[in-house]
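One-letter residues, chain by chain:
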Amino acid sequence: MKSLSGVDGAFLHLETAQTPMHVGSLHLFELPDGVTPTDFLAEVRRQMRRRLRLAPVLTRKLAPMPLQFANPVWVEDDAIDWRYHVQHLSLEAPGTQAQLEALAGRLHSELLDRRRPLWRMAVIDGLASDQVAYYFQIHHAVLDGQAGVLLSQALFDTTPAPRPLPRGKAAQAEHPGTLALAAAALRHDAAQYVKLLRHLPDVARTLAGLIGPSPGGKAPPKGGGLGQNFSVGPKTALNVPISGERGFATVSLPLVALKALAEAHEAKLNDIVLALCGGALRRWLAAHGGVPDRPLIATMPISLREGGNTDFSVQATLSLVNLNTHIADPVQRLRAIRDAAGAVKTLARRARGVIPTDFPSLGTPWLLQALAALYERSTAIEAMPPIANLVISNVPGPPVPLYAAGARMTAYWPLSIVEHGIGLNVTVMSYAGDMGFGFTTARCAVPDARELSIALVAAFDELLARSPHATPR
């Protein structure tokens, strides 16, 4: 039995049919010679059974508290329904990439069954390329982006031959009673109150340092730094109440070219990602209501995970970064983004040790569920200016090729969460020499997600044309 953290629990309690709180990934695989999709599916199911002990999150399900007075706990489930958790789907002819992306969007619209472990996957065949695809879906209450990379290390191999797996005992089902559940909640909250009191002096010192001079004695820079990130974004077609229907589009760019752009402009790789997203949005907005005079603001997850931490949980917070979309020139826009993002990173480094990812949960389920329902029914989404216009997340992924059941993974694209008022999420993950961009959209805000992936390629070409010194090495 394992308690959910406060952040993990929030993802459960804020979930509605219009705002599912799961993340996912879409993968392409090259089948070995002589292996059929049916053979591959059977081997995938066999390998998944053997790897459950490497990824305990796959056998955990929720045990709710009596009257939902606090966060539920994770308990072990020894009755995995493999027909539900590993499904088989086929694309209709001709089996294009656009069809695959549309199918991933439809699957991503569906809520996970809370009576089971909160994950499922689909093995998809029928592609014109003769490749086979994976769609993998897991609740955000289970893990964050960095933990997702850890999960991929457990599920996939780095060679065509599956690695030897350690022997161990299979999961034993847990059936805690009412008193055991209540005691677990009280123990968790007592520990969090003690931790909160212990860290209050650190919080005060950090806040004072953020407001005043930096540890080196330098005052915060005036203009072009952190301050430009703390402003509301303009109202756009992205910032509307949403339904549960999702769209999805992908694009992969060579990592070596993106790094060359970063070096040529004395920027970080993440700055290039933000600049390309800003350029894509300018193109998309020009065809959907016009480019606003005020810059778009992105909310950007920042990992709080310490080096070596392999816990499967959410350990991240959110920050805001100015995309400077009001600047037409791509190089000037990149430089402005570089300054804005650099200030955010400095803030995150100084505050990392005191930002909580866990907190007491007594009464939290009632409060968050009521707030989520009230927000959906209210007109506040349309009346209020958006704090952020979209989400952009950049997760470092595996640098080497991965394999599943002997098949080489050729592409890795992430899917994520959109919310009321934020109808676009761009999640980016590096994999084996490429950078995979996944555009998850609310279809009522972005009817055709592929317009965004096409616009991103155009933004990449534009920045390359303006960067003669960006020579890939």
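Residues numbered from 1 in each chain as written. Predicted model: local features only at pLDDT ≥ 70, side-chain atom pairs only at ≥ 80, totals over all residues. Heavy atoms only, no water.

**Quick look at the pairing of strand 2 (residues 22-30)**
(1) Moving on: Most of strand 2 is tucked away: 8 of the 9 residues are buried.
(2) Moving on: Pairing geometry for strand 2 and strand 7 (residues 132-139), over 8 bridges, is antiparallel. Paired with Phe 29 across the bridge in strand 7 is Val 132.
(3) Moving on: Relative to strand 13 (residues 407-415), strand 2 runs antiparallel, the two being bridged by 7 bridges. Looking at the pairing, His 27 lines up with Tyr 412 of strand 13. (Buried < 20%, exposed > 50% of the residue type's maximum accessible area, 1.4 Å probe, protein only. Helix = DSSP H or I, 4+ residues; strand = E, 2+ residues; numbered from the N terminus. Pairing = 2+ DSSP bridges.)

**Here we look at the nonpolar core**
(1) Moving on: Core analysis: the largest hydrophobic core is formed by 52 residues, its most contacted members being Leu 276, Leu 390, Ile 392, Val 426, Phe 437, Phe 439 and Leu 456.
(2) Moving on: Within the second largest apolar cluster, 47 residues are counted, among which are Leu 62, Leu 112, Leu 118 and Phe 136. (Core = buried A, V, L, I, M, F, W, Y, C linked by side-chain atoms within 4.5 Å.)

**Comments concerning the confidence of the model for the protein**
(1) Moving on: Taken as a whole, the protein shows an average pLDDT of 81; of its residues, 71% reach a score of 70 or greater.
(2) Moving on: Between residues 192-197, whose pLDDT stays under 50, and residues either more than four places distant or in other chains, the model counts 4 contacts.
(3) Moving on: Contacts from residues 353-363, a stretch scored under 50 in pLDDT, to residues over four places away or in other chains number 35 contacts. (pLDDT = per-residue confidence, 0-100. Contact = heavy atoms within 4.5 Å.)

**As for the sheet that holds strand 6 (residues 119-125)**
(1) Moving on: Ordered in space as 5-6-7-2-13-12, the 6 strands form an open sheet in which the pairing is mixed. Each having just a single partner strand, strand 5 (86-90) and strand 12 (403-404) make up the two edges of the open sheet.
(2) Moving on: Sheet topology note: the strand 6/strand 7 ladder contains 6 bridges and is antiparallel. Residue pairing in the sheet places Ile 124 in a bridge with Ala 133 of strand 7.

**Describing the pattern of salt bridges**
(1) Moving on: Under the counting rule described, the total for this entry stands at 12 salt bridges.
(2) Moving on: Residues Glu 15 and Arg 114 are paired through a salt bridge, measuring 2.7 Å at the closest nitrogen-oxygen approach. In this pair, Glu 15 sits in the loop between helix 1 (6-13) and strand 2 while Arg 114 sits in the loop between helix 4 (97-108) and strand 6, placing the two residues 99 residues apart along the sequence.
(3) Moving on: Overall, Arg 114 belongs to the partly exposed group, its relative accessible area being 34%.
(4) Moving on: Across the pair Arg 338 and Asp 339 runs a salt bridge whose closest N-O atoms are separated by 3.9 Å.
(5) Moving on: Owing to a relative accessible area of 40%, Asp 339 belongs among the partly exposed residues under this scheme.
(6) Moving on: It is possible to trace a salt-bridge network through shared partners that takes in Asp 81, Asp 113, Arg 115 and Arg 116. (Salt bridge = Lys/Arg side-chain N within 4 Å of Asp/Glu carboxyl O.)

**A word on the packing of helix 8 (residues 269-286) against helix 12 (residues 450-465)**
(1) Moving on: Contact pair helix 8 / helix 12: the axes reach a minimum separation of 8 Å and the direction vectors enclose 120 degrees. The angle between helix 8 and helix 12 places the two elements in the oblique class. Crossing hand, helix 8 versus helix 12: right-handed. Together, Leu 276, Cys 277, Gly 279, Ala 280, Leu 281, Arg 283 and Trp 284 of helix 8 and Glu 451, Leu 452, Ala 455, Leu 456, Ala 458, Ala 459, Phe 460, Glu 462 and Leu 463 of helix 12 make up the contact between the two elements.
(2) Moving on: Each residue belonging to the contact of helix 8 with helix 12 can be placed in one class, and the counts come to 12 nonpolar, 1 polar and 3 charged. (Axes fitted to C-alpha atoms, helices over the stretch in contact; angles between N-to-C directions. Parallel < 35°, antiparallel > 145°, perpendicular 65-115°, else oblique. Left-handed = near helix turned anticlockwise from the far one by under 90°. Nonpolar A, V, L, I, M, F, W, Y, C, P; charged D, E, K, R; others polar.)

**As for unusual backbone geometry**
(1) Moving on: Of the consecutive residues Ala 93 and Pro 94, the connecting peptide bond is found in the cis state with omega at 10 degrees.
(2) Moving on: For Pro 94, the location among the structural elements is in the loop between strand 5 and helix 4.
(3) Moving on: One non-glycine residue, Asp 130, adopts positive backbone phi at about 70 degrees.
(4) Moving on: Position of Asp 130 among the secondary structure elements: in the loop between strand 6 and strand 7.
(5) Moving on: Of note in the backbone geometry, Asn 324 takes a positive phi value of approximately 50 degrees without being a glycine.
(6) Moving on: Relative to the elements of secondary structure, Asn 324 occurs in the loop between strand 10 (316-322) and helix 9 (330-351).

**Observations concerning the sheet that holds strand 3 (residues 60-63)**
(1) Moving on: Read from one edge of the open sheet, 3 strands run 1-4-3, paired in antiparallel fashion. Two strands in the sheet have a free side with no partner beyond their single neighbour: strand 1 (2-3) and strand 3.
(2) Moving on: Pairing between strand 1 and strand 4 (residues 73-76): 2 bridges, direction antiparallel. Its bridge partner being in strand 4, Lys 2 is matched across the sheet by Trp 74.

**Here we look at the packing of aromatic side chains**
(1) Moving on: Here the structure, examined in full by the defined rule, presents 8 aromatic pairs.
(2) Moving on: When the ring of Tyr 134 is compared with that of Phe 156, the centres are 6.0 Å apart and the planes differ by 35 degrees; the resulting orientation is tilted. With Tyr 134 in strand 7 and Phe 156 in the loop between helix 5 (145-155) and helix 6 (178-211), the pair connects residues that are 22 residues apart, well separated along the chain.
(3) Moving on: Ring-pair connections join several aromatic residues into one group, and the members of that group are Phe 29, Phe 40, Tyr 134 and Phe 156.
(4) Moving on: One Lys or Arg, Arg 116, reaches over the ring of Tyr 84 and ends 4.4 Å from the middle of that ring. (Phe/Tyr/Trp six-rings, centres within 6.5 Å; stacked < 30°, edge-to-face > 60°. Lys NZ or Arg CZ within 6 Å of the ring centre and 35° of its normal.)

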